[in-house]
Amino acid sequence: MSSLSRELVFLILQFLEEEKFKESVHKLEQESGFFFNMKYFEEKVQAGEWDEVEKYLSGFTKVDDNRYSMKIFFEIRKQKYLEALDRQDKAKAVEILVSDLKVFSTFNEELYKEITQLLTLNNFRENEQLSKYGDTKTARNIMLVELKKLIEANPLFRDKLVFPTLRSSRLRTLINQSLNWQHQLCKNPRPNPDIKTLFTDHTCTPPNGAVAPPPVTLPVAAVAKPAAYTPLGPHGPFQPAAAAAASANALAGWMANAAPSSSVQAAVVTASSIPVPPNQVPIVKRPRTPPALGMLDYQNPDHEQLMKRLRPAQSVEEVSYPKPRHQASWSLDDLPRTVAFTLHQGSAVTSIDFHPSHHTLLLVGSASGDITLWEVGLREKLVSKPFKIWDMSTCSLQFQAAYAKDVISVSRVAWSPDGNYVGAAFKKHLIHIYAYSGPNDLRQHLEVDAHAGAVNDIAFAYPNKQLCVLTCGDDKLIKVWDLSGRKLYTLEGHEAAVYSICPHHKENIQFIFSTATDGKIKAWLYDNSGSKVDYDAPGHYCTTMLYSADGSRLFSCGTSKEGESFLVEWNESEGAIKRTYTGFRRKSIGVVQFDTTQNHFLAAGEDHQIKFWDMDNVNLLTHTDAEGGLPSLPRLRFNKEGNLLAVSTTDNGFKILATPAGLRSLRTVEASSFEALRPPIEAAAIKNGVDIVPRNMEKARMIEDATEKIKPWQLAEIVEPVQCRLVTLPESTDSSNKVARLLYTNNGVGILALGANGIQKLWKWGRNEQNPSGKATANVVPQHWQPNSGLLMTNDVSGVNLEEAVPCIALSKNDSYVMSAAGGKVSLFNMMTFKVMTTFMPPPPASTFLAFHPLDNNIIAIGMEDSTIHIYNVRVKSKLKGHQKRISGLAFSTVHNILVSSGADAQLCVWSIDTWEKRRSVTIQLPAGKAAAGDTRVQFHSDQTRLLVFHETQLAIYDASKMECIRQWVPQDVLSAPISYAAYSCNSMLIYASFVDGNIGVFDADTLKLRCRIAPSAYLSQAQLKGSQPVHPLVVAAHPQEPNQFAVGLSDGAVKVIEPTESEGKWGVTPPVDNGMVNGRTASSSATS
C-alpha cells in the first residue's frame, strides 16, 4: 500500500473516532495493522476478553513471527489457562491446553508438560513457581506490564504505537478543499451552492449569469470519499477479472470434446501441440461438445488468437500427424531388467518415488505407515519415519476414532519437483509434508487432516509460481494447499472417490487431471469454477495418468472392476485415444501400476512381472519376472535417468533393477552422488555475499566419505575413549545399587534409571548455548533432577528381598507418569512432583514387567512372577495364562493388533489385543546344549512387524505375522560372552547389544551383521576396569530421536551416554552382503537365517 493510502487510513481512523464509531475504529486498526491502540488493548486485557485480545493482536503479528510475539501470545494464553484452573473449570482448562497452548510444545516441550501437570493439582499455587499468584485482577495487571514491554520491544510494532499528529477533522478539511476546487471549475458558479452529495463531482445548475465562486462549507453528514480522489490505492499485482476469464476460456478451448473412439468416449486437456491433419477441420472451429456437458462454444476471434498464441510455432510441413519418432538407436540394454539387489523395507511397500535429481535416492512408503529414505547406491536406509500424529488436537474427531482402531498405511509418497520436500498421503485423512535438507534429514513441515476417509494421491505443482500441494480422496474432492497448510482451492464435481491426480502445464496454463473410481476423467484450472471435461476412462474404473518426461505425450493405465487392464496413449488435439497397448495376459485383482521413462518406454507391473513397451509400438516389447518374488501387481518407479527401476516384492521389500550403465553407477559410489546430497537450498549459507560454509572442506569430506565407502569393509573397533563421545551422568555411581532398568524420556531430553533398590533417578539436559536443542547428548553433562520438595521416587520394598526382586518400569507416552515396581506394589509416580499417585498389585505374586499400550495409556499390561499377565483396560481386568515361568518381556504391535510376551521359560506367546486370547506360542531356538534358563526379552521394530528377541545365548529377528525366526546371531569370537541386554535404535536400523564381559556390539538390524565393537576400555574408567568386581552393562537404552546415541546402565550403578565422534557420525558401516560368509557365518559377524 502506498504512503498516501496509509495516510488516508489514519484520516479515516480520526474521523471514526470523532464520530464515536468505536467498534469500527478498532476493527480498522486491526485490519489495516497501521496503528496499535495500546489503551484499547489494556482495556480488553483487564476485562479478560481474551478472544478480542487475540483477534486484535492478529492484525499485527502471529504466534510464530518472532520470539517477542511468541512470548506475548504465550503469556495471554497462560493467564487464560490459570484463570480457568482458578475457577475449578477443568474442562475449559483442558480445552485451552489443547487448543491454545499446544502450539508452544513444539518450541518448549518441557514447559508444556509442566503446564499440563498443573491439571493434577487441587490448587495450581502448590507449584512453587506460581505460589505468589494472587487474585485475577492483580495477575492481569502484572501480566499487562510484561506485555507492554514485549510489544514495545517487538520490531513488528515499530512505528505503530504512536498515532500521527493531525489537526482535528482533517478529512473534512480535505473534502472541503476539494469541493471548493470543484466549485471554482463550475462553468456557471452560483453564489450559495447547495451541496447534497459527495458521490458525484459538484457542478452548479446554470443561472442567468455567472458570479465568482464563494467558499464551500462541508455539510456535517457528508463523509464519503469524492469520486475524483483517485491517486490513492493503486491496484496490486492481481490479474483483472478479464484476464482470469481469458485463462479459463483458453483451457476450455483446449478441452473441446472428441467424438467417441472405437471403444470409449474420452477427452483430455490439449495444448494443441499435435497438429491437425489438413483434411480435417480444426477442433477449435468445430467443437463437438455433447449438450449434456453444458460447455460453451468458444468460436470467437479472441479465442482463435489465444489458441494461436498457445500453439507452438510450426512450419507448413509440420501440419500433419507426427510420424514415428526418429530416436537414437537403442537396444534392450536400455531397459533396467537386471536385478542388482533386494532391500528389506519391513512392511509391504505401497508407494515409491525417486528423487528428481539425485538418481539413487529412493523414497518408500509402506503399509505400516513408515516413510523411509534409501540411498540405494549404498544399500542403506538414511532415515525412517514411523507413522505418528504430530498434533492430535488439529485432527477431526472422525479421524481420531479411526486412528484408535486402525493401522494408518501410506497410499502415496512423492517428491516435490525441486527435491526440497517430501509428501506422504495416508489411508486415513492425513497428509504429511517433510522438508528435506540433507541425506539424513527429513524434518516435519506440515500435517493436514486433508480429506474425510482415505487420501488417495498427493502431488506438487507450481500454480502462480508458488509451490503447492495437491491431494484427492474418498470424499470426492481435490484440494490445493500452500506450504503453510492454508487451503487455496477445493475442486468439486466428481461423483465418486477421486483415485489419482496429474498436475501439468502447457506454456503458461496450469491445469490438473483427475480420475475417479467411477472411471470419470476430469480436468481443472486452479480456480473454483468446476471441471472443464467429463469423460469415461477405458475400463470405467481406477486409472492413473502420466505425461512423458518432456511433457509432450500423455498416457493412462487402469484396470476395470472385472480385472481387465488398459494402457493407452491419448491424442491431445483430438481428445481421444491414440493407441491401446497390448500384452496384458490375465485378469487382475487390483489396479495395474505403470511408469514412463526416457521419452521412449512404458513399464507396467502385472502377472508377477514387469512388462515393457516402446511408446511408438502397441505390442509388448519384453518382460521380466525379476528373478521371482514379485507380487501379482507390483509397485514400480523409474529414476529420472531411466537406468534404475525400483519394484516392490512379496516379502516386504523391493528390488532394484538396473541397465548395464545403472549397474556401473551402483558399483562405484562417486563423489558427485554425495555432492547431490547436500542441502538443496544453499542461499542460507551465504551471508553478505560471503560463503560462511567452508565448501572446499565440506566437499573434501564428502569425497573422503565416498572414497571410504569403496574401501574393503572392515569392522569398526572402538577401544580408546578418544574414539567416541562419552558422558557419565552425575551422582549415578553406587556400587550397592546396580542399574536394573533404563529409559530415555519420550521427548529425548532426559534419562530415567531404576535401581535394584527400587529408587528411580532422573537426569535432564537443559537448553543452552552448548546444547541449543535441549536434547540428551554426550557433549554436555546433564543435571540430576529433583523437585524442590527433595522427594525421591522410591518404590515400596517393605518385606522384599531385593536380591531376588525383578525391578520393572514403564513411562507414559507424554512423559507425565512413570509406573514401576521392585518386588513390592506397583507405584504410579507424577514425573513433575515425584509424588506417588497410587499403588496397586501388592505381592504375591510380584510384578516383573510393565508396558503401556502404545496408543492408549489406559491399557496396561503387567507381567507377573507366577507367569501370568494381567491386563488393565480402565476397569476391565483380564488374566492371561500361557507361560511356565515369570514374565520377562512384553511388546505391543498395533499393526498386527497383538501383544507378544516372553518369559524365563524361553517361550514367546502371542495374544490378541481384541479378545486377549492366545493365538500361538513358540520356543526360541536355543543353541545345542543350552538350557532354557535366563530372561528372554522382546522389542518390536518400528514397522511393528519384525520382532527383536534376545536371550543371553542369542539375538534373533522374528516375523511377528507368523512368529517365525528369520535371522539369528549367537555370541562368538570377539563377542563370545553372554548377552546382557539389547535394543533397537530409534529408527530400527541398528541393534545395540551389551555383553557381560563389558563389550558392546552395534549390529545392522536387517542382517544381524556386526558393524562396530565398543570395548570396555573405551567407556569404563581405569578404576572400573581394575576393580575387584568387574563392571559391565546390565541394560541398554536407545535415544528416541538420535539413532546413533545410546545409554548403558552398569553393574556399579553408573549410567553413561555414548555417541560416535562428530567426525565419524555413526557406528561403522554396513557390512557388504558377501563379506566372507561361510554357511551363514563370518569371523566377526555371523547370522543365520
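Each chain has its residues counted from 1, running along the sequence as written. The predicted origin of the model limits local features to residues at a pLDDT of at least 70 and limits the giving and counting of side-chain atom pairs to 80 or more, whereas totals for whole chains, interfaces and linings rest on all residues. Values reported for side chains reflect all heavy atoms of the structure, with hydrogen atoms and water molecules removed beforehand.

Per an unreviewed UniProt entry, the recorded name for the protein chain is CTLH domain-containing protein, and the organism is Carnegiea gigantea.

Asks: I'm lost on the UniProt feature "repeat: WD" (unreviewed entry) in the protein chain in this one. Help?
Replies: Summarizing the sequence annotation, UniProt attributes the feature "repeat: WD" (unreviewed entry) to residues 448-491, 592-623 and 880-921 in the numbering used throughout. Only DSSP runs of H or I reaching four residues or more are called helices, and only runs of E reaching two or more are called strands; each is numbered from the N terminus. In residues 592-623, the share of helix is 0% and the share of strand is 66%. The end C-alpha atoms are 15 Å apart. UniProt positions are given in the numbering used here, feature names are shortened, and annotations may be inferred rather than shown by experiment.

Asks: For this particular structure, what's the right way to read the pairing of strand β8 (residues 430-438)?
Replies: The two faces of the sheet receive side chains in turn, since in a regular strand these alternate between them. When accessible area is computed with a 1.4 Å probe and restricted to protein chains, residues below 20% of their type maximum are described as buried, those above 50% as exposed, and intermediate ones as partly exposed. For β8, the buried fraction is high: seven of the nine residues fall into the buried class. Here five bridges tie strand β7 (residues 421-426) to β8, and the two strands are oriented antiparallel to one another. Counterpart to Gly423 in the pairing with β8 is Ile433. Here, any two strands with at least 2 DSSP bridges between them count as paired. In textbook terms, the turn of a hairpin is the stretch between consecutive antiparallel strands, and for β7 and β8 this stretch comprises three residues, one of which, His429, has a positive phi near 65°.

Asks: Which parts of the structure should I look at to understand the sheet that holds strand β28 (residues 653-658)?
Replies: The strands that make up a sheet pair up through hydrogen bonds in the backbone, lying either parallel or antiparallel. Taken together, four strands build an open sheet; the order of strands is β1-β28-β27-β26 and the sheet is antiparallel. Edge strands, defined here as strands with exactly one partner in the open sheet, are β1 (338-344) and β26 (636-638). Across this sheet, the average inter-strand angle for adjacent strands is 20°, counted without regard to direction. Two elements, β1 and β28, share six bridges in a ladder whose sense is antiparallel. Within β28, the residue paired with Leu343 across the bridge is Phe654. Residue contacts are counted whenever heavy atoms from the two residues lie within 4.5 Å of one another. Orientation is described by lines fitted to C-alpha atoms, with helices fitted over the stretch in contact, and by angles between N-to-C directions that extend from 0 to 180 degrees. Packed on one face of the sheet, helix α13 (residues 660-667) meets β1, β27 (644-648) and β28 and runs near 115° to β28.

Asks: Sorry if this is basic, but what is going on with the sheet that holds strand β15 (residues 509-516) here?
Replies: Taken together, four strands build an open sheet; the order of strands is β14-β15-β16-β17 and the sheet is antiparallel. Two strands bound the open sheet, and with one partner strand each, they are β14 (498-506) and β17 (533-536). Taken pair by pair, the neighbouring strands of this sheet meet at an average axis angle of 20°, ignoring direction. Pairing between β14 and β15: eight bridges, direction antiparallel.

Asks: Which parts of the structure should I look at to understand helix α1 (residues 3-18)?
Replies: An α-helix turns once per 3.6 residues; consequently, residues spaced three or four apart project the same way. Expected span of a helix: the number of residues minus one, times 1.5 Å. Taking 1.5 Å as the rise per residue, α1 with 16 residues should run 22 Å; its terminal C-alpha atoms sit 23 Å apart, in good agreement. The set of residues buried in α1 consists of Ser5, Leu8, Val9, Phe10, Leu11, Leu13, Gln14, Phe15 and Leu16. Buried-residue contacts for α1 involve α2 (22-32) and α9 (170-184). Of the residues trailing α1, Lys20 is marked for its positive phi of about 65°.

Asks: Looking at this model, I keep getting lost on the packing of helix α5 (residues 67-86) against helix α8 (residues 136-153). Mind explaining?
Replies: The packing of two helices is summarised by the inter-axis angle and the distance between the axes. At their nearest, the axes of α5 and α8 sit 9 Å apart, and the two run at 170° to each other. Comparing the axis directions of α5 and α8 gives the class roughly antiparallel. For the pair formed by α5 and α8, the contact residues are Tyr68, Lys71, Ile72, Glu75, Ile76, Gln79, Glu83 and Asp86 on the first element and Thr136, Ala139, Arg140, Met143, Glu146, Leu147, Leu150, Ile151 and Ala153 on the second. Should an angle fall under 35 degrees it is taken as roughly parallel, and over 145 as roughly antiparallel, whereas 65 to 115 is taken as roughly perpendicular and any remaining angle as oblique.

Asks: Would you mind showing me how to read the side chain of Glu375 here?
Replies: Note that Glu375 resides in strand β4 (residues 371-375). Among buried Asp, Glu, Lys and Arg side chains, Glu375 stands out as unpaired, with Arg379 the closest opposite charge at 9.7 Å. This count recognises Lys and Arg as positive and Asp and Glu as negative, with His and chain-terminal groups excluded. Here, a salt bridge means any side-chain nitrogen of Lys or Arg that lies within 4 Å of a carboxyl oxygen of Asp or Glu.

Asks: Sorry if this is basic, but what is going on with the packing of aromatic side chains here?
Replies: Geometrically, a pair of aromatic rings is defined through the distance of the ring centres and the angle of the planes. Pairing of aromatic side chains here covers Phe, Tyr and the six-membered ring of Trp, requires ring centres within 6.5 Å, and sorts the geometry by plane angle: under 30 degrees stacked, over 60 edge-to-face, intermediate tilted. Applying the stated criterion to the full structure yields 27 aromatic pairs. Ring centres of Trp415 and Tyr436 lie 5.3 Å apart, and the angle between their planes is 80°; this geometry places the pair in the edge-to-face category. A residue pair is termed long-range when its members are at least 10 positions apart, and Trp415 in strand β6 (residues 410-415) and Tyr436 in strand β8 qualify at 21 residues. Tyr436 carries the same exposure label as Trp415, and that label is buried.

Asks: Hey, could you run me through a negative patch on the surface in this one?
Replies: Within the patch definition used here, like charges are joined within 9 Å and nonpolar side chains (Val, Leu, Ile, Met, Phe, Trp, Tyr) within 5 Å, considering only residues with over 30% relative accessible area and no salt bridge. What sets the accessible areas is the Shrake-Rupley method with a 1.4 Å probe; for residues, cover comes only from the shown protein chains. By convention, the charge on Lys lies at NZ, on Arg at CZ, on Asp at CG and on Glu at CD. Side chains of Glu803, Glu804, Glu865 and Asp866 sit close together on the surface and give a patch of like negative charge. Inspection of the secondary structure assignment puts Glu804 in the loop between β37 (793-794) and β38 (808-811). Accessibility expressed as a relative area gives 60% for Glu804, which makes it exposed.

Asks: I keep staring at the packing of helix α3 (residues 38-46) against α8 and nothing clicks. Help me out?
Replies: Running from N to C, α3 and α8 cross one another at 150°; their axes reach a closest spacing of 10 Å. Judged on the interaxial angle alone, α8 and α3 are roughly antiparallel. Taken as a pair, α3 and α8 cross one another with a handedness that is right-handed. Residues Met38, Phe41, Glu42, Val45 and Gln46 of α3 lie in contact with α8, whose contacting residues are Arg140, Asn141, Met143, Leu144, Leu147, Lys148 and Ile151. Put simply, a crossing is left-handed when the front helix is turned counterclockwise from the back one by less than a right angle, and right-handed when it is turned clockwise.

Asks: What should I look at first to understand the pattern of salt bridges in this one?
Replies: When the charged atoms of two side chains with opposite charge come close together, those side chains can pair. By the definition in use, this model includes 33 salt bridges. The partner of Asp65 in a salt bridge is Lys62, and the shortest N-O contact between them spans 3.6 Å. In this structure Asp65 comes out as partly exposed when scored by relative accessible area, which is 34%. The network of salt bridges with common partners includes Arg553, Glu569, Arg579 and Asp616.

Asks: Can you walk me through the state of the cysteines in this structure?
Replies: Put plainly, a disulfide is one covalent bond tying together the sulfur atoms of two cysteines. Only a pair of cysteine sulfur atoms within 2.5 Å counts as a disulfide in this structure description. Counting across every chain of the model gives zero disulfides. Unpaired in terms of disulfides, Cys186 finds its nearest cysteine sulfur in Cys204, a separation of 3.9 Å.

Asks: Before we go on, may I ask you to explain the nonpolar core in this structure?
Replies: Considering soluble globular proteins, one finds that nonpolar side chains tend to be buried as a cluster. Buried Ala, Val, Leu, Ile, Met, Phe, Trp, Tyr and Cys residues that are joined via side-chain atoms within 4.5 Å together make up what is termed a nonpolar core. Of all hydrophobic cores here, the largest spans 55 residues; its most connected members are Ile751, Ile1014 and Trp1067. The greatest single-element share of this core, amounting to five residues, is contributed by strand β55 (residues 990-995). Counting residues in hydrophobic clusters, the runner-up holds 40 residues, among them Ala93, Leu130, Met143 and Phe157.

Asks: What's the story with unusual backbone geometry in this structure? I'm lost.
Replies: Where the residue is not glycine, phi is negative for most of them; where a peptide bond is considered, it is trans in most cases. Going from Pro843 to Pro844, the amide bond is cis rather than trans, its omega being -10°. Position of Pro844 among the secondary structure elements: in the loop between β41 (836-840) and β42 (847-852). Following Pro844, the chain continues into Pro845 via a peptide bond in cis, with omega recorded as -10°. Within the element layout of this structure, Pro845 appears in the loop between β41 and β42.

Asks: Looking at this structure, how should I read the environment of Leu483?
Replies: By the element assignment, Leu483 lies in the loop between β12 (477-482) and β13 (487-492). We classify Leu483 as buried; its relative accessible area is 18%. Between the C-alpha atom of Leu483 and that of Gln466, which follows or precedes it by 17 residues, the distance is 9.2 Å. Once you skip the residues sitting within four places of it in the chain, Leu483 turns out to touch Tyr421, His445, Leu446, Leu467 and Val469.

Asks: Whenever I open this one, the pairing of strand β16 (residues 520-525) confuses me. Can you help?
Replies: For β16, a buried count of five out of six residues is recorded, marking the element as mostly surrounded by other parts of the structure. Adjacent in sequence and paired antiparallel, β15 and β16 are bridged by three residues, among which Gly519 carries a positive phi angle near 85°. Where β16 lies against β17, four bridges are found, and the strand directions are antiparallel. Within the sheet, the bridge partner assigned to Ile521 lies in β17 and is Tyr535.

Asks: Would you take a moment to explain the environment of Gln444 for this structure?
Replies: Structurally, Gln444 can be placed in strand β9 (residues 441-449). In this structure, the C-alpha to C-alpha distance between Gln444 and Ile433, residues eleven residues apart in sequence, is 6.6 Å. The residues contacting Gln444, other than those within four sequence positions of it, are Lys388, Trp390, Ile433 and Tyr434.

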